[in-house]
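Given next are the chains, with one letter for each unit.
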Amino acid sequence: MADVQFLFREGEEAVSAPTVALSAFAEDTNATAVVIEPGEDARALLPHLDRLSLVEVTFPAFTDGRGFSSARILREAGYTGELRASGDIGVDMLSHLHRCGFDAIAPNTPLDLAQADTALKTWPQVYQATVVDGRKPIWALRHGL
Amino acid sequence: MYLYDHYDQAMVDARVAEFRDQTRRRIEGTLSEEKFRPLRLQNGLYLQLHAYMLRVAVPYGTLSGAQMKMLGDIADKYDRGYGHFTTRQNIQYNWIKLEDTPDILADLASVEMHAIQTSGNCIRNISADQYAGATADELIDPRPYAELLRQWSSFHPEFLALPRKFKICVIASDTDRAAMRLHDIGIQIVKNEAGEIGAAFYVGGGMGRTPFIAPLVKAFVPLDELITYSEACLRVYNRYGRRDNKYKARIKILVHELGVDEYRRQVEEEFAHLQTLAIEPPLAELERIKTFFADPAYEAGLSDDLDLSNPAFAAWVKNNTAAHKTPGYAIVNISLKPVKTLADGSKQAGIPGDATGEQIRVMADLAKTYSFDELRVTHTQNIVLPHVRKADLFTVWEKLVAAELAEANLDKITDIIACPGLDYCTLANARSIPVAQKIAERMADKAEEIGELKLKISGCINACGHHHAGHIGILGVDRKGLENYQLLLGGCEGADTSLGKIVGPGFDEDGIVGAVEKATQVYLANKEGEERFLDTYRRIGMNPFKEAIYG
């Protein structure tokens, strides 16, 4: 399992609890960390958000964007623990991952830090309210909302 | 015309800087072609058979004179002196160098243009009715809604790695000029029984190898829920659209496999959830956008009289202009499907949708002087000057004649839609352009007699040339290493959308030209009253055509 290279959780360290697969999670009542694969339904976790400290969403291929929806669904439901993206993650995905609510990134291949910094600062503003990234969209700024 | 504010400009400038950095990393070698591919595609940059191809977005097909002029200048500066207008109301350049693309994007950004999401598995440039704001037959100008959707869909972080590309179209007229129901989402702006304006959502249409006409998923979405409902449609697709087979990855397959009722149920569930999150821009934002699309300062009391004593001008007026909502004005269509008659009497057809840098600048100037500085690109690969005073029509026509842009063949058999085909495209199985040219050359003298006949050619099953929706459609396939052309009849992209049916075994290049000619002869022999080709086909069915072509 790749290490967390970027953590956007102020004053915290990456959660080290062992993860279990989503299929095993419901039975394993002691588990506090879970892995979701692209085809799995993040909403299956919604009844259990209280006991979770880590949800790891995998990106086996960077071209498969299902994990973006998984992340937003969890954040929209109020999940506040670590939300980790792992797998085939390129530097150009960073700002989008962050906007969908990921606060920990564990790329298979570590990313160049300078490039990552540039990528995270690419967008001065954003057009959409994802709600989960805490950013005001351009329409809200335009109308003083 | 929508104008950028500093927010919009900053977003486009940020994209130019990002792509400049990505291109630099690619050229240096720190970014592999595999990783670069989806990044360049989301900036409209393809690697084609001979060179890079850059597709520039023309949001809902609307352009200013200055923007059009820039497109002409780019053709001259970075390409081989021409550009190709596409069935998505965009323009593409076929001979681009990778290292030039950041500069091209910067040039485009200087006139509030970009190539954002003109390719790749994301929400593409949003198309609309080319007569929007000018025609009397629409409920309201659909472009403000398209602009609202453009902003929402630009860099939407959840929807940048969809199962497949995603095309949205917005119209507000029952006369569908934009093939609305052949889009992933087709939106028609409608009025409900209470007299309120809203949006009807048709989801799951498309062409490609498995064509579907989009079913109605929701008859009325209030305007203050347009974005929220769109987001629900997209989220269900992003989560459940097929990713195991790229040929089954479009939303049409998901809607078909789930059934429209089940898809609708899932969207409603997601919609109910998203409604609690306040992701919808306020109506004030829509009102702000609408101010940019207010009517230009039309002159009142203009005459509708026209001197039609010049027969060539009269023919052009009859075929290439359309009724404007304001007395004394007309909508002008500029055909990019020329068929020249040479000194020896033979014909020479142009490449459908192509225009030279100089021609593009001529059109830009005409827009500036005679059309309130506005142009439109049509999905049929032509250009529109939306607001021309009838008193100026003759002058405009003369200038178009001088620029070889006055072919009077709108919606005629020589006004052919054709994809780039095997002359450019890596996906193609057969050439489209030479077939289009041969048909246009063969049929030019008959075009007027035949009347409205929409002929559409695709060089492969992906159907970029809309062959499913042609009154006559032609599909190029590879048959044992040889180019082979199938003939389809009965497709239509208008309000009465229908999909064409294959007539029988395919033909070689000359054979397909002959088959098209025979089909038109069957029509002329069987036509009743004012019937168009399509009407006659629908009345008499496939058999008479089949017998004439294969008998």
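Residues numbered from 1 in each chain as written. Chains lettered and ligands numbered in written order. Predicted model: local features only at pLDDT ≥ 70, side-chain atom pairs only at ≥ 80, totals over all residues. Heavy atoms only, no water.

1. Side note on the sheet that holds strand β6 (residues 104–107) of chain A
Residue and element names in this part refer to chain A.
Here is step 1: On the basis of which strands lie adjacent, the open sheet formed by 6 strands has the order β1-β6-β5-β4-β3-β2 and mixed pairing. Edge positions in the sheet fall to β1 (6–7) and β2 (20–21), since each has one partner strand and no second.
Here is step 2: Against the sheet, helix α2 (residues 66–76) contacts β3 (33–36), β4 (54–59) and β5 (82–87), and its axis sits at roughly 160 degrees relative to β4. (Pairing = 2+ DSSP bridges. Helix = DSSP H or I, 4+ residues; strand = E, 2+ residues; numbered from the N terminus. Contact = heavy atoms within 4.5 Å. Axes fitted to C-alpha atoms, helices over the stretch in contact; angles between N-to-C directions.)

2. Let's talk about the sheet that holds strand β21 (residues 482–489) of chain B
Residues and elements named next belong to chain B.
Here is step 1: Reading across from one edge, β18-β19-β20-β21-β22 is the order of the 5 strands in this open sheet, with mixed pairing throughout. Among the strands making up the open sheet, the edge pair consists of β18 (417–418) and β22 (501–502).
Here is step 2: Direction of pairing for strand β19 (residues 455–458) relative to strand β20 (residues 472–479): parallel, over a ladder of 4 bridges. Across the sheet, Lys-456 pairs through a bridge with Gly-473, a residue of β20.
Here is step 3: Packing of helix α15 (residues 509–526) onto the sheet brings it into contact with β19, β20 and β21, and relative to β21 it is tilted by some 15 degrees.

3. As for the domain arrangement of chain B
Residues and elements named next belong to chain B.
Here is step 1: Domain parsing of chain B yields domain 1 (6–109), domain 2 (142–289), domain 3 (311–402) and domain 4 (417–550).
Here is step 2: Once you take the C-alpha centre of each, domain 3 and domain 4 turn out to be 25 Å apart.
Here is step 3: The interface is formed by 13 residues belonging to domain 3 together with 13 residues belonging to domain 4.
Here is step 4: Sorting the residues of domain 3 by area buried against domain 4 places Lys-347, Ala-349 and His-379 first, and these three jointly supply 43% of that buried surface.
Here is step 5: Inspection of the region where domain 3 meets domain 4 yields 2 salt bridges.
Here is step 6: Its salt-bridge partner being Glu-448, residue Lys-318 comes within 2.8 Å of it at the nearest N-O pair.
Here is step 7: One can count 6 residue pairs in polar contact (both at pLDDT 80 or more) joining domain 3 with domain 4.
Here is step 8: Of all the secondary structure elements, the ones that give two or more residues to the side of domain 3 that touches domain 4 are α10 (311–320) and β14 (347–349).
Here is step 9: No other element matches the 3 residues that β14 contributes to the side of domain 3 that touches domain 4.
Here is step 10: Of the residues assigned to the side of domain 3 that touches domain 4, the class counts are 4 nonpolar, 6 polar and 3 charged. (Domains from an automatic or database assignment. Buried area = accessible area lost by both parts, 1.4 Å probe. Salt bridge = Lys/Arg side-chain N within 4 Å of Asp/Glu carboxyl O. Polar contact = N/O pair within 3.5 Å; in protein donor to acceptor, adjacent residues only side chain to side chain. Nonpolar A, V, L, I, M, F, W, Y, C, P; charged D, E, K, R; others polar.)

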